Amino acid sequence: MTEEFHRIRRLPPYVFAEVNQAKAKARAAAEDIVDLGMGNPDSPTPPHIVAKLIEAVQNPDTHGYSASKGIPGLRRALAGYYARRFDVQLDPDNEVVATLGSKEGLANLAAAISSPGDTILVPNPSYPIHQFGFIIAGASVRSVPHTPDENMLQALDRAVRHSVPKPTALIINYPSNPTGLMADLDFYREVVDFAKKHEIYILSDLAYAELYYGSRVPPSILQVPGAKDVAVEFTSMSKTYNMAGWRMGFAAGNPKLIAALTRVKSYLDYGAFTPIQVASVAALNGPQDCIEEMRRLYRDRRDVLVRGLKQSGWDVPVPEAGMFVWAEIPERFRHLGSVEFSKLLLARAKVAVAPGLGFGEHGDSHVRIAMVENTHRIRQALRGIRAFLQTDNGGPAELTARAHAELVKE
């Protein structure tokens, strides 16, 4: 009875745990930690959505079991969103299913379509559920480059030629968590052509579709003619409407994949609480000015954060989309790796970030900085980071070694 369960053995130690423990210890000691680690929106859900929830929950008829697939009005609302936003037509009955957030949908679809011996192609780095959903389901994961360019396309070709059996599915995620990279329709066309040629399914994660800051607008892979023959796409209410804790998302696209996910879900859940689904209809069909307000909020935070980091000597890219800065660790600290550097940043700058290793081994030279605090708190974080980076007692290398040794001792 001492042996670990098989599926648990396949999961590595939770990379974020060490940083989270250090953060909890610091806060228990009354230290003021600016938490830019978890991508948890800090703004309230728009009032008209909350009002609809309150209205619906006061109706006792909504208190029973709901529809696992999603109430018809919600599935129609999601189809309406795709028609307005992407000019994509969806059948609400056969090409849409509501999920308990996109994360649940991805994990349950992984269980539905994969088995031991299957190979799944996953960008590295990428959001953890993209690989671990399939690992939990028993499949094997093969990493491909995370950049939406010729490098990924060439890697996909090699993966098909050198994998036995050939891969079952490919995961893509643009705008990307954690990198913020965006894909265009030309790239999606190439991927769809590739998937059709080799009979591989595509699972597209479009959770950050509305978080963009320039003239480039994130497209949907379903805009590619014929994409629904091979692709399903996951979207979420979490970031678009600040509804992270409500746990409402969707899968849309290929009818066979939608049917598989729907069938698995029918055994596992009764769907989200009906008033949440009703309020989600109000979100999708109601006024959308809250989305532009959300974009302005994150754009302001992004500009303050990136400008402050650059002024501190930490050269980071300016993300076009998403709610994160994917920052390469400054060279003199890079030998520490992302976990130890994150712990050092927490101890010295009083700022929590997410170690890049948590998104795949190819992320270990980076940390992910979330724009989930107001600009006042971000400036406070920047002051701590600047003081930490500009400290130069005995030279950078000696300082780093000494500070790391003290951190381990603590």
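Residues numbered from 1 in each chain as written. Predicted model: local features only at pLDDT ≥ 70, side-chain atom pairs only at ≥ 80, totals over all residues. Heavy atoms only, no water.

Draft legend 1. Quick peek at helix H8 (residues 185-198). Helix length check: H8 (14 residues) gives 20 Å between terminal C-alpha atoms against 20 Å at 1.5 Å per residue, within 8%. Of all the residues in H8, the buried ones are Phe187, Tyr188, Val191, Val192, Phe194, Ala195 and His198. What you see down the axis of H8 is that its buried residues fit within an arc of 160°, all on one side. For H8, the exposed residues set more than 90 degrees away from the buried face come down to Asp186, Asp193 and Lys197. On its buried face, H8 is in contact with helix H7 (150-162), strand E5 (169-173) and strand E6 (201-205). Looking at the residues trailing H8, positive phi occurs at Glu199, about 55°. (Helix = DSSP H or I, 4+ residues; strand = E, 2+ residues; numbered from the N terminus. Expected span 1.5 Å × (residues − 1). Buried < 20%, exposed > 50% of the residue type's maximum accessible area, 1.4 Å probe, protein only. Arc of directions from axis to C-beta. Contact = heavy atoms within 4.5 Å.)

Draft legend 2. Here's a closer look at the environment of Gly245. In this structure, Gly245 sits in the loop between strand E7 (231-236) and strand E8 (249-253). Judged by relative accessible area, which is 68%, Gly245 ranks as exposed.

Draft legend 3. Layout of the UniProt feature "domain: Aminotransferase class I/classII large" (unreviewed entry) in the chain. According to UniProt, the feature "domain: Aminotransferase class I/classII large" (unreviewed entry) maps to residues 32-383 in the numbering used here. In residues 32-383, helix accounts for 42% and strand for 15%; the two terminal C-alpha atoms are 13 Å from one another. (UniProt positions renumbered as here; feature names shortened; annotations may be inferred.)

Draft legend 4. Empty space enclosed by the protein, seen in detail. Scanning the model with the defined rule gives four cavities of 30 Å³ or more in all. Considering only enclosed or pocket space, the largest cavity measures out at about 90 Å³ in volume. Lining the largest cavity, in full, are Leu78, Tyr81, Leu206, Ala207, Ala209, Thr235, Ser236, Met237, Thr240, Tyr241, Phe250 and Leu284. In the lining of the largest cavity, the residues fall into nine nonpolar, three polar and no charged. (1 Å grid on protein atoms, 1.4 Å probe; cavity = no way out; pocket = protein on both sides within 12 Å on 5 of 7 lines; lining within 4 Å. Points joined across faces, edges and corners; volume = space filled by probe spheres on them. Nonpolar A, V, L, I, M, F, W, Y, C, P; charged D, E, K, R; others polar.)

Draft legend 5. Layout of the layout of surface pockets. In this structure, the largest pocket occupies an estimated 1,100 Å³ of space. Around the largest pocket, the lining comprises 44 residues; the ones closest to its centre are Tyr14, Phe16, Lys103, Tyr127 and Pro128. Elements represented by at least two residues in the lining of the largest pocket include exactly helix H2 (17-28), helix H5 (101-113), helix H6 (128-137) and strand E11 (354-355). At five residues, the largest contribution of residues to the lining of the largest pocket is made by H6. Looking at the lining of the largest pocket, its residues break down into 24 nonpolar, twelve polar and eight charged.

Draft legend 6. Summary view of the pairing of strand E2 (residues 96-99). Neither face of E2 is open: one carries Val96 and Ala98, the other Val97 and Thr99, and all of them are buried. In this sheet, E8 lies alongside E2 in antiparallel orientation, the contact comprising four bridges. Bridge pairing in E8 links Val96 to Ala252. (Pairing = 2+ DSSP bridges.)

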